[in-house]
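# Chains, contacts and geometry: an overview
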Amino acid sequence: MANVIVIGAQWGDEGKGKITDLLSRSADVVVRYQGGVNAGHTIVVKGQTFKLHLIPSGILYPNTDCIIGCGTVIDPQILIAELDQLKELNISTDHLLISETAHVTMPYHRLIDQASEERRGSYKIGTTGRGIGPTYADKSERTGIRVLDLMNPDGLREQLEWTINYKNVILEKLYNLPPLDPQEVIEQYLGYAERLRPHVVDTSLKISDAIQRRRNILFEGAQGTLLDLDHGTYPYVTSSNPVAGGACVGTGVGPTMIDRVIGVSKAYTTRVGEGPFPTELDGELGELLCDRGAEFGTTTGRKRRCGWFDAVIGRYAVRINGMDCMALTKLDVLDELEEIKVCVAYDIDGDRSEHFPTSSRQFARCRPIYKTLPGWKVSTTNCRTLEDLPQAALDYLKFLAELMEVPIAIVSLGASRDQTIIVEDPIHGPKRALLHPDGTPATLLSA
Ligand code: IMP
């Protein structure tokens, strides 16, 4: 029995979908704990490709309960479209449960998100425009609409009339946008409520019950560590807590119930949206990584910025999440390269630092200090064990594991499930290697 959190160790898009899909096979319950329809993963079912933004991919396993936890923000229109897509493919969604206390994204959230980005000009964040920030802002301001409010038609009418009139002042006066018609929005959301009602429960109670019955629970984070509102590259972050700590708050589970934290990282780095990115590659090499890695966003289709692996970020993610082991994805994207660079430390105004800076201004001044390793220049996509890998690829993995002081338990070499090397069982195998009292590191990658 194990309760496991899977988090992104970079700026999101690390390939968590594939890793959670792999781990979902042995999970009884999969819980999404933060974010909203800004996230996205592509899944292929019966030869058809489609995109899920809110529903965990565990929905494909009929015996796995899928939960959208209280720390998420729910856009009912998009959630219902996802339910419809699954229904068309005859995939049951009866085992999807939605938290009563999750907050709801409303039309004014989307409008304000897009309008405020435009108003920010060169200070824009590069959001997905899905209303995520304004939904969480209302949650903090205590003017939010929760799923349980949707379930109460009379209360909802009253609450929305007041809120929409209040938001209309902002839309009209601040952003010169036409006001929303409160009655139209109320009717639309009452319709959504009826559609979602069968799925709505006290999910914290369900999870607690599952824990007591010793079922395996997988807590699935969206986005990544550096997009965390508190621990990421603020202000260029999302408005929730993708870090492992967010899993407890975002589901109503105590920290003592968590057995393990698995981080997911690409073998290089990508970022969407604005903000500093020390190892970014602008030229031909960046294009090559983008092409080979098909680096385009699932939600917005935006081209992702690409760069070398940054072990300072890796070490930071290990620390902030209390990561036990790591899954390294897309190693095959590096297959053609003559040589590969890894950022081992930063140069900040002439001083060397191995620590991730807390200030974004300081982060913008960080220059990467690289170690260059030889490439392997052969395809790794058919490798299934560490022994199948070329020596240079194995050396690359060992180097990363040692730099980050975390065991690499899974290596992914392509999109399909079988293009994976399970180095060690990520759930029952390695824990984070602690230094021996004399300072020597434990073995980090068993070869
Ligand atoms: P928001 O979450 O839409 O408010 O966007 C805030 C920042 O997070 C922007 O830089 C987005 O590009 C980024 N972001 C949000 N969701 C994702 C994701 O799933 N993958 C990668 N970046 C994301």
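Here's a quick rundown of the structure. Nothing here was measured: the structure is a model prediction, and the numbers come from that model.

Along its length, the chain carries 13 helices and 20 strands. A compact globule built from 447 residues should have a C-alpha radius of gyration of about 22 Å, and the chain, at 22 Å, falls within 12% of that. If one aligns the C-alpha atoms of the chain with their principal axes, the spans along those axes are about 65 × 50 × 45 Å. Within the chain, buried positions represent 58% of all 447 residues. Put simply, of all contacts in the chain between residues at least 6 apart along the chain, 76% involve residues at least 24 apart. Once the 47 positive and 58 negative side-chain charges of the chain are each reduced to a mean point, those two points are 1 Å apart.

With respect to the helices and strands, the residue Thr105 is situated in the loop between strand S8 (103-104) and helix H3 (107-120). What makes Thr105 buried here is its relative accessible area of 1%. Of note is the side chain of Thr105, whose polar atom sits 3.0 Å from the side chain of Thr135. Those residues in contact with Thr105 that sit more than four places away from it in its chain are Val73, Ile74, Asp75, Pro76, Arg130, Gly131, Thr135 and Tyr189.

The subject of this paragraph is the site of the ligand. Among the 15 residues in the neighbourhood of the ligand, the closest are listed as Asp13, Asn38, Thr128, Thr238 and Arg302. A distance of 3.3 Å is found between an oxygen atom of the ligand and a backbone nitrogen or oxygen belonging to Gly126. Here an oxygen atom of the ligand and a side-chain polar atom of Thr128 are 2.6 Å apart. Here the ligand, which alone exposes 470 Å², has 95% of that area covered by the protein. Looking at side-chain class alone, the shell around the ligand contains 6 nonpolar, 7 polar and 2 charged residues.

This part takes up the pairing of strand S2 (residues 29-32). By the alternation rule, side chains of S2 split into Val29 and Val31 and Val30 and Arg32, which are all buried. In terms of strand pairing, S2 meets strand S5 (residues 65-68) through 4 bridges, oriented parallel. Across the sheet, the residue bridging to Val29 is Asp65, located in S5. The pairing of S2 with strand S10 (residues 217-220) spans 4 bridges and is classified as parallel. Along S10, the bridge assignment pairs Arg32 with Glu220.

Take the packing of aromatic side chains next. The tally for this structure, following the rule as stated, stands at 8 aromatic pairs. Centre to centre, the rings of Trp162 and Tyr166 are 5.2 Å apart; their planes meet at 20 degrees, and the pair counts as stacked. With Trp162 and Tyr166 both in helix H6 (residues 153-174), this residue pair falls 4 residues apart, about one helical turn. Overall, Trp162 belongs to the exposed group, its relative accessible area being 51%. Aromatic pair Tyr189 and Tyr192: ring centres 4.9 Å apart, planes at 75 degrees, arrangement edge-to-face. In this pair, Tyr189 and Tyr192 are both assigned in helix H7 (residues 182-196), 3 residues apart and thus about one turn of the helix distant.

The next subject is the nonpolar core. One broad trend across soluble globular proteins is that nonpolar side chains are buried collectively. If you look at the biggest cluster of nonpolar residues, it comprises 63 residues, and the most contacted ones within it are Phe219, Leu331, Leu389 and Tyr396. Sort the elements by how many residues they give to this core and helix H13 (residues 391-404) lands first, with 10 residues. Once residues within four sequence positions are removed from consideration, Tyr396 is found in contact with Ala267, Phe309, Leu331, Leu334, Ile340, Val342, Leu373 and Trp376. Judged by nonpolar contacts, the second largest core, of 42 residues, contains Leu89, Leu96, Ile164 and Tyr175.

Let us now look at unusual backbone geometry. With an omega dihedral of 10 degrees, the bond running from Tyr234 to Pro235 counts as a cis peptide bond. Within the secondary structure, Pro235 sits in the loop between S10 and helix H9 (245-249). Phi at Asn90 is positive, roughly 60 degrees, even though this residue is not glycine. Even without being glycine, Ala294 reaches a positive phi, approximately 45 degrees. When you line up the elements, Ala294 lands in the loop between helix H10 (284-292) and strand S13 (305-307). Under the relative-accessibility criterion, Ala294 is labelled exposed at 52%.

To continue, consider the sheet that holds strand S15 (residues 325-329). The strand order S9-S7-S5-S2-S10-S1-S11-S15-S19-S20 describes an open sheet built from 10 strands, whose pairing is mixed. For this open sheet the edge positions go to strand S9 (200-201) and strand S20 (420-422), each flanked by a neighbour on one side alone. Of the strands in this sheet, S15 and strand S19 (408-412) are in contact with H13, which crosses S19 at around 140 degrees.

Okay, the pattern of salt bridges next. Applying the stated criterion across every chain, the model contains 20 salt bridges. Across the pair Arg304 and Asp13 runs a salt bridge, and its minimum N-O distance is 3.3 Å. Of this pair, Arg304 sits in the loop between H10 and S13 while Asp13 sits in the loop between strand S1 (3-8) and helix H1 (16-24), and the two are 291 residues apart along the sequence. Judged by its relative accessible area of 27%, Asp13 is partly exposed.

Parameters and conventions
Residues numbered from 1 in each chain as written. Predicted model: local features only at pLDDT ≥ 70, side-chain atom pairs only at ≥ 80, totals over all residues. Heavy atoms only, no water. Helix = DSSP H or I, 4+ residues; strand = E, 2+ residues; numbered from the N terminus. Rg over C-alpha atoms; globule rule 2.2 N^0.38 Å. Buried < 20%, exposed > 50% of the residue type's maximum accessible area, 1.4 Å probe, protein only. Contact = heavy atoms within 4.5 Å. Lys, Arg positive; Asp, Glu negative; His and termini not counted. Charge placed at Lys NZ, Arg CZ, Asp CG, Glu CD. Polar contact = N/O pair within 3.5 Å; in protein donor to acceptor, adjacent residues only side chain to side chain. Near = heavy atom within 4 Å. Areas by Shrake-Rupley, 256 points an atom, 1.4 Å probe, with all protein chains shown as cover. Nonpolar A, V, L, I, M, F, W, Y, C, P; charged D, E, K, R; others polar. Pairing = 2+ DSSP bridges. Phe/Tyr/Trp six-rings, centres within 6.5 Å; stacked < 30°, edge-to-face > 60°. Core = buried A, V, L, I, M, F, W, Y, C linked by side-chain atoms within 4.5 Å. Axes fitted to C-alpha atoms, helices over the stretch in contact; angles between N-to-C directions. Salt bridge = Lys/Arg side-chain N within 4 Å of Asp/Glu carboxyl O.

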